[in-house]
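# Descriptive structure summary
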2 protein chains.
Amino acid sequence: MGEVDRLGPVIILADAQMGENIGAAARVMHNFGLSRLRLVRPRDGWPNPAAEAMATRGAAAIIENTQVFETVEQATADVTRVFAATARERYMQKAVVEPEACARACAEEVTAGGLAAILFGSERAGLENDDVSLADTILTIPCNPEFTSLNLAQSVAILAYEWMKLAGGLSVARPSLMGARPARREDLFGLFAHLEAELDRVEFLYPPAKRPAMVRNIRNMWHRANLTYQDVQTIRGMITALTRTPKRRKPRDE
Amino acid sequence: MGEVDRLGPVIILADAQMGENIGAAARVMHNFGLSRLRLVRPRDGWPNPAAEAMATRGAAAIIENTQVFETVEQATADVTRVFAATARERYMQKAVVEPEACARACAEEVTAGGLAAILFGSERAGLENDDVSLADTILTIPCNPEFTSLNLAQSVAILAYEWMKLAGGLSVARPSLMGARPARREDLFGLFAHLEAELDRVEFLYPPAKRPAMVRNIRNMWHRANLTYQDVQTIRGMITALTRTPKRRKPRDE
């Protein structure tokens, strides 16, 4: 995570009340590859055992390196771009972005040699207007208009997640077949011939006028399954087993 | 939020341990316009005062309407598409999506007349392999590879947030099954039971030690096929036909 981490925005929590929320924020920052946490006026002082208890494993290093400041001005002194997270209308003439655009702007900022920070307010009341006024841009997380009060650590989670999506180079999708050899057309065609012969034998594909459409529908199901070579062997084994009388012992009554 | 809500995926928490986490999940569902919560085997039973305490305001209605089930099969009976949230590699041949694509797929499912659900496992261990095997698709939230253990409510938050982002601008999604009725879980489970009984009868699922993995692999093939209700009927008809002696006339020589 070295690079993602080094480039990531600083997370600043102003007036955080509960140590549990600070710890949960640190934990989710670690989940999503952020590491720099700053606190302004934490209500219960610092260090805070409740925060340490919530921040498991790698997040303990984030708690250990957390910096504490008296004011938002001090906490953002070395920062070149500040986003203030708030759901409330502030009647300020300031650009407003959503998390995805915020992550993009943070990346642009570090690419340009700067340092970005995202500022979150207290659990109870969010950011003070004075603190919002120190930010370049307002960050708003799209919410149900009837209930915009997001938990503090979850707000951090959403932002950190958008950062991870952007910074992690997530365009590399995992293959859904886990490296298994995909079925070749010839494997599939062998399966079709096998199954259709058995279905003809038991007169399932009946009446003849409907046979072509029935066969197409059945083949299409297999196509959609994106079968591996091994899947085809398994299916053919099932067909063979289902169409013979078992030999090892007497079949159960039905 | 009426429309967004009505269309949103069902959230299913299997084996949730802490009422606080259930309550936090309900709260963030309400933040992001989801409302249907189902529980499977909640450790501390239901109702749970700790869950109620965490779920403030509008989320209280979600807690009140939460449904509780004995098994994942029962909880997904009326569902047409299930995503299993897991960070661990399952070595199952199943499609893997990230939250954004998951939200898009949920929207497509409801547009096609179906019902989507997202299944989350316990705080301690995540989902059981058997529960994962009941899902069509794996949902993976991109994480720091050094720390993939996301808090339960935060996993729900990420998914619900992606739903909100998408559903806020939901217009016309493309139906993937051309208007056919997607199979419900109960249809699929009926197929599984039917096929597995027949395969047991002919001793295909042998030796017993390998049976669970064989069953999972076979189920996964069907999941990948994204079956319609009619497909399930066709397959069950094929199984029935293949396992009986034809009556109309003598079978052909082979």
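Given the structure is predicted, the values throughout are model-derived calculations rather than measurements.

Residue and element names in this part refer to chain A. As summarised here, the arrangement of the seven strands in space is E3-E2-E1-E6-E4-E7-E5, forming an open sheet in which the pairing is parallel. For this open sheet the edge positions go to strand E3 (67-69) and strand E5 (95-97), each flanked by a neighbour on one side alone. Recorded for the sheet is a direction-independent mean angle of 25° between the axes of neighbouring strands. In the sheet, strand E4 (residues 81-85) pairs with strand E6 (residues 116-120) via four bridges, with the strands oriented parallel. Note that in E6 the partner of Phe83 across the bridge is Ile118.

Among the five residues that make up strand E6 (residues 116-120) of chain B, five are buried, leaving the element largely enclosed by the rest of the structure. What you see with E6(B) is no split at all: B:Ala116, B:Ile118 and B:Phe120 on one side and B:Ala117 and B:Leu119 on the other are buried throughout.

Its place among the elements puts B:Gly113 in the loop between helix H6 (99-111) and E6. The spatial distance from the C-alpha of B:Gly113 to the C-alpha of B:Ala180 is 8.7 Å, given a sequence separation of 67 residues.

Another aspect to go through is the pattern of salt bridges. Scanning all chains against the criterion turns up 24 salt bridges over all chains. Between B:Lys165 and A:Glu162 there is a salt bridge; the shortest N-O distance is 2.6 Å. Here the residue B:Lys165 occupies a position in helix H8 (residues 152-167), and A:Glu162 occupies one in helix H8 (residues 152-167), the pair thus bridging two chains. A:Glu162 sits in the buried class, given a relative accessible area of 2%. According to the relative accessible area criterion, B:Lys165 is partly exposed, its value standing at 25%. Among the charged side chains, a network of salt bridges with common partners joins A:Glu100, A:Glu162, A:Lys165, B:Glu100, B:Glu162 and B:Lys165.

The subject of this paragraph is the pairing of strand E2 (residues 37-40) of chain A. Residues and elements named next belong to chain A. Along E2, one buried face is formed by Leu37 and Leu39 and the opposite face, lined by Arg38 and Val40, is buried too. The parallel pair strand E1 (residues 10-14) and E2 is bridged by helix H2 (residues 19-31), and the resulting crossover is right-handed. Sheet topology places E2 next to E3; three bridges connect them, and they run parallel. Looking across to E3, one finds that Leu39 is bridged to Val68.

A few words now on the state of the cysteines. All names here are of chain A. Summed over the entire model, instances satisfying the criterion amount to zero disulfides over all chains. No disulfide involves Cys102; its sulfur sits 4.3 Å from the nearest other cysteine sulfur, which is in Cys106. According to the relative accessible area criterion, Cys102 is buried, its value standing at 0%. Among the cysteines around Cys143, which has no disulfide bond, Cys102 carries the closest sulfur, lying 15 Å off.

In this section: the domain arrangement of chain A. Along its sequence, chain A is carved into domain 1 (2-167) and domain 2 (185-243). Each of domain 1 of chain A and domain 2 of chain A was reduced to a C-alpha centroid, and the two centroids are 56 Å apart.

So, how was this worked out
- Residues numbered from 1 in each chain as written.
- Chains lettered and ligands numbered in written order.
- Predicted model: local features only at pLDDT ≥ 70, side-chain atom pairs only at ≥ 80, totals over all residues.
- Heavy atoms only, no water.
- Pairing = 2+ DSSP bridges.
- Helix = DSSP H or I, 4+ residues; strand = E, 2+ residues; numbered from the N terminus.
- Axes fitted to C-alpha atoms, helices over the stretch in contact; angles between N-to-C directions.
- Buried < 20%, exposed > 50% of the residue type's maximum accessible area, 1.4 Å probe, protein only.
- Salt bridge = Lys/Arg side-chain N within 4 Å of Asp/Glu carboxyl O.
- Right-handed = clockwise from strand over helix to strand, strands pointing away.
- Disulfide = S-S within 2.5 Å.
- Domains from an automatic or database assignment.

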